[in-house]
Every structure is written in structure tokens, then in C-alpha cells.
Amino acid sequence: MPKFTRRAAERPAELLDAAMGQFYRQGYSVTKIDDIARAAGVTVGTVYRYFPSKEALFHALVERGLDS
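Note that this is a predicted model, so its numbers are computed, not measured.

1. Topic: the pattern of salt bridges
Stage number 1. For the structure shown, the criterion picks out three salt bridges.
Stage number 2. Between Arg11 and Glu14 there is a salt bridge whose closest N-O contact spans 3.5 Å. Taken as a pair, Arg11 and Glu14 lie in helix α1 (residues 11-26) at a separation of three residues, close to a single helical turn. The same class applies to Arg11 as to Glu14, namely buried.

2. A few points about the packing of α1 against helix α2 (residues 33-40)
Stage number 1. As a packed pair, α1 and α2 sit with axes 8 Å apart at the nearest point and diverge in direction by 120°. Looking at the two axes, α1 sits oblique to α2. Relative to α2, α1 is oriented so that their crossing is right-handed. For the pair formed by α1 and α2, the contact residues are Leu15, Ala18, Ala19, Gln22, Phe23 and Gln26 on the first element and Asp35, Ile36, Ala39 and Ala40 on the second.
Stage number 2. Of the residues assigned to the contact of α1 with α2, the class counts are seven nonpolar, two polar and one charged.

3. Notes on the nonpolar core
Stage number 1. By size, the foremost hydrophobic cluster in this structure holds 16 residues, and its most contacted members are Ile36, Val47 and Leu57.
Stage number 2. Of all the secondary-structure elements, those providing two or more residues to this core are α1, α2 and α4 (54-67).
Stage number 3. Each residue touching Val47, except ones within four places of it in the same chain, is listed here: Leu15, Ile33, Ala37, Val42 and Leu57.

4. Regarding the packing of α1 against α4
Stage number 1. Two elements in contact, α1 and α4, have axes whose closest approach is 10 Å; the angle formed by their N-to-C orientations is 100°. Here α1 lies roughly perpendicular to α4, going by the angle between them. Facing α1, whose interface residues are Ala13, Leu15, Leu16, Asp17, Ala19, Met20 and Phe23, α4 presents Lys54, Leu57, Phe58, Ala60, Leu61 and Arg64.

5. Some points on α4
Stage number 1. Helix length check: α4, at 14 residues, gives a terminal C-alpha distance of 20 Å against a target of 20 Å (1.5 Å per residue), a fit within 8%.
Stage number 2. The complete set of buried residues in α4 reads Lys54, Leu57, Ala60 and Leu61. Down the axis of α4, the buried set is contained in an arc of 115°. They therefore lie on one face. When the buried face of α4 is taken as reference, the exposed residues oriented beyond 90 degrees from it are Glu63, Leu66 and Asp67.
Stage number 3. Those residues of α4 that are buried lie in contact with α1, α2 and α3 (44-50).

Here is what the cut-offs are and how they apply
Residues numbered from 1 in each chain as written. Predicted model: local features only at pLDDT ≥ 70, side-chain atom pairs only at ≥ 80, totals over all residues. Heavy atoms only, no water. Salt bridge = Lys/Arg side-chain N within 4 Å of Asp/Glu carboxyl O. Helix = DSSP H or I, 4+ residues; strand = E, 2+ residues; numbered from the N terminus. Buried < 20%, exposed > 50% of the residue type's maximum accessible area, 1.4 Å probe, protein only. Axes fitted to C-alpha atoms, helices over the stretch in contact; angles between N-to-C directions. Parallel < 35°, antiparallel > 145°, perpendicular 65-115°, else oblique. Left-handed = near helix turned anticlockwise from the far one by under 90°. Contact = heavy atoms within 4.5 Å. Nonpolar A, V, L, I, M, F, W, Y, C, P; charged D, E, K, R; others polar. Core = buried A, V, L, I, M, F, W, Y, C linked by side-chain atoms within 4.5 Å. Expected span 1.5 Å × (residues − 1). Arc of directions from axis to C-beta.

From the geometry alone we can't say anything about function, so treat these as descriptive.
Pasting the structure below:
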């Protein structure tokens with residue numbers, strides 16, 4: 001997959017999009033942070049820079065869904 005090339009301010013949304021895709025394809029319990037990072041075209045450290053855990057990513061996805 002191509003790497004995201006947007007600015008750092010847009011990175012959380014990109015990571016959430018990648019996480020949503022992985023959760024949908026594999027399921028939450030099977031998905032690893034490594035999978036999300038690979039889908040987003042970033043390192044695992046980049047994911048952890050914005051979200052401290054997979055659970056935090058999931059909560060952010062729920063919040064984003066509620067805000068829409």
C-alpha cells in the first residue's frame with residue numbers, strides 16, 4: 001500500500017482509516033498494531049505516537065462515528 005503523504009496534523013485520521021479497514025477485514029481481536037501501521041504505510045512507533053494502544057484507536061473510531 002502507498003504511504004500516506006499528508007501533513008502530521010492529518011496523520012491521526014489516516015491511522016484511524018487504516019485501523020478501521022483492518023478491524024473490518026480481520027476483526028478487532030486478530031488485528032495487531034503492526035497490521036495497522038503496515039496498512040497506513042508508517043512505522044509502529046508512529047502509530048504509538050498518536051495512540052497509546054489498539055484500544056485507544058478503537059475508542060477514537062467510536063468517537064469519530066458518534067461525531068458524524
